Amino acid sequence: LSCLILMARWDEAMVALNAVRYSIEHRSSLPSPAGMSSLRALKERTWLLHWGLFVFWNNSKKGLEGIIDLYTNEKYMQAIQTNAPHLLRYLTAAVIVNKRKRLLNELVKIYQHCNYVDPIVQFVSCLYSKFDFQGAQDRLHDCSNVLSTDFFLHNQTGLFMEEARIFIFENYCRIHQKIDIKTLGEKLAMQPEAAERWIVDLIRNAYLDAKIDSTNNCVVMGHQSKNIYQQVIDKTKDLNVRGGNALNALRMVVGEAKTEGRKRRDARNDD
């Protein structure tokens, strides 16, 4: 895995990463002495989470899905919360860049169990937990500085800021029918002229049901209800993550049952 990372062969590195992950889970399910202790497995998962950063943020095809799938796995989330809460920055950034809005509420719950402070984490917490738009605006400015200096995220700064502004805008629009463009620009950390052009682009690309009231210099929101097809897409978008977590839980139960069965057979043989 390390050699493939050094050679920047990201597709092959992704395969190697999955192989290491399988090896860790297989060895942790075996009984001692061949198996791996729970403490050692926790340490190995923590190392894999860190190695994965090189692979995920350099593999444009599968990287974002891969980091979300791995980091939201129950066992690996335990490793993050126990040994590496700083990795929540990268999970949060992946969720925002990949537009996985349904996972943000789950992330907020995770933040409550971690003693970790980060502008990216605080941005989501302000927006989805406290509904503090001023705090989210302040954190968004800090996010720009953090992203631009982060080894793994600096290439995603523009995309992250764009998606973060859309998240602020969508949440702000849920509680306002008319929005002053100057006020909106302040919420999005943009100049009024830039904010107006940005909103026009959203309307033009059919991302937003709204119109510009030039007389009053405000945005007038249209009807915001989603059609049935979009509702189905939103509700099923994270099925692969939830299904993966359920499958891993089932494997753990089966593994524990097999281990218990071996112990019983060994006990009978000793008798």
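In the annotation of an unreviewed UniProt entry, the entry for the protein chain reads PCI domain-containing protein, and the organism field reads Triparma laevis f. longispina.

Within the protein chain one finds 14 helices and three strands. Looking at the protein chain as a whole, 42% of its 271 residues are labelled buried. Across the protein chain, the fraction of contacts at a sequence separation of at least 24, relative to all contacts at a separation of at least 6, is 59%. Approximately 15,500 Å² of the protein chain is accessible, and the part contributed by carbon and sulfur atoms is 53%.

Once that is clear, we can look at the pairing of strand 3 (residues 218–221). Residues of strand 3 alternate between two faces, with Cys218 and Val220 on one and Val219 and Met221 on the opposite face, all of them buried. Bridge analysis of strand 1 (residues 178–180) against strand 3 gives three bridges, and the strand direction is antiparallel. Residue Asp180 lies in a different strand from strand 3, and its bridge partner there is Cys218. In terms of strand pairing, strand 2 (residues 210–213) meets strand 3 through four bridges, oriented antiparallel. Bridge pairing in strand 3 places Ala210 opposite Met221. Counting the residues that bridge the hairpin from strand 2 to strand 3 gives four residues, and of these Asn217 lies at a positive phi of roughly 55°.

The subject of this paragraph is the packing of helix 8 (residues 119–130) against helix 9 (residues 133–149). Where helix 8 contacts helix 9, the two axes come as close as 8 Å, and the packing angle between them is 160°. Between helix 8 and helix 9, the angle falls in the class roughly antiparallel. Once helix 8 is placed against helix 9, the crossing between them reads as left-handed. Residues Pro119, Ile120, Gln122, Phe123, Cys126 and Leu127 of helix 8 pack against Phe133, Gly135, Ala136, Arg139, Leu140, Asp142, Cys143, Val146 and Leu147 of helix 9. Taken together, the residues of the contact of helix 8 with helix 9 sort by class into 11 nonpolar, two polar and two charged.

This paragraph deals with a nonpolar patch on the surface. Residues Leu247, Leu250 and Val254 make up a contiguous nonpolar surface patch of about 240 Å² in total accessible area. By secondary structure assignment, the location of Val254 is in helix 14 (residues 239–270). Relative accessible area serves as the criterion here: at 37%, Val254 is assigned to the partly exposed category.

Now for the pattern of salt bridges. Pairing between side chains becomes possible if they bear opposite charge and their charged atoms approach one another. Counted under the stated rule, the structure contains 11 salt bridges. A salt bridge links Arg21 to Asp69; its shortest N-O distance comes to 3.2 Å. On the criterion of sequence distance, the pair formed by Arg21 in helix 2 (residues 10–29) and Asp69 in helix 4 (residues 63–71) is long-range, its members being 48 residues apart. Take Arg21: its relative accessible area is 16%, and that puts it in the buried class. The partner of Arg100 in a salt bridge is Glu65, and the shortest N-O contact between them spans 3.0 Å. On the criterion of sequence distance, the pair formed by Arg100 in the loop between helix 6 (88–97) and helix 7 (104–111) and Glu65 in helix 4 is long-range, its members being 35 residues apart. Residue class for Glu65 comes out partly exposed when judged on its relative accessible area of 36%. Residues participating in the shared-partner salt-bridge network are Glu25, Arg45 and Lys75.

Time to look at the environment of Lys211. With respect to the helices and strands, Lys211 occurs in strand 2. Of the residues examined, Lys211 reaches a relative accessible area of 56% and is grouped as exposed. Along the primary structure Lys211 and Val200 are separated by 11 residues, whereas in three dimensions their C-alpha atoms are 8.2 Å apart. Filtering out sequence-adjacent residues up to four positions away, Lys211 remains in contact with Ile203, Cys218, Val219 and Val220.

Here is what the cut-offs are and how they apply
Residues numbered from 1 in each chain as written. Predicted model: local features only at pLDDT ≥ 70, side-chain atom pairs only at ≥ 80, totals over all residues. Heavy atoms only, no water. Helix = DSSP H or I, 4+ residues; strand = E, 2+ residues; numbered from the N terminus. Buried < 20%, exposed > 50% of the residue type's maximum accessible area, 1.4 Å probe, protein only. Contact = heavy atoms within 4.5 Å. Areas by Shrake-Rupley, 256 points an atom, 1.4 Å probe, with all protein chains shown as cover. Pairing = 2+ DSSP bridges. Axes fitted to C-alpha atoms, helices over the stretch in contact; angles between N-to-C directions. Parallel < 35°, antiparallel > 145°, perpendicular 65-115°, else oblique. Left-handed = near helix turned anticlockwise from the far one by under 90°. Nonpolar A, V, L, I, M, F, W, Y, C, P; charged D, E, K, R; others polar. Patch = residues over 30% accessible without salt bridge, like charges linked within 9 Å, V, L, I, M, F, W, Y side chains within 5 Å. Salt bridge = Lys/Arg side-chain N within 4 Å of Asp/Glu carboxyl O.

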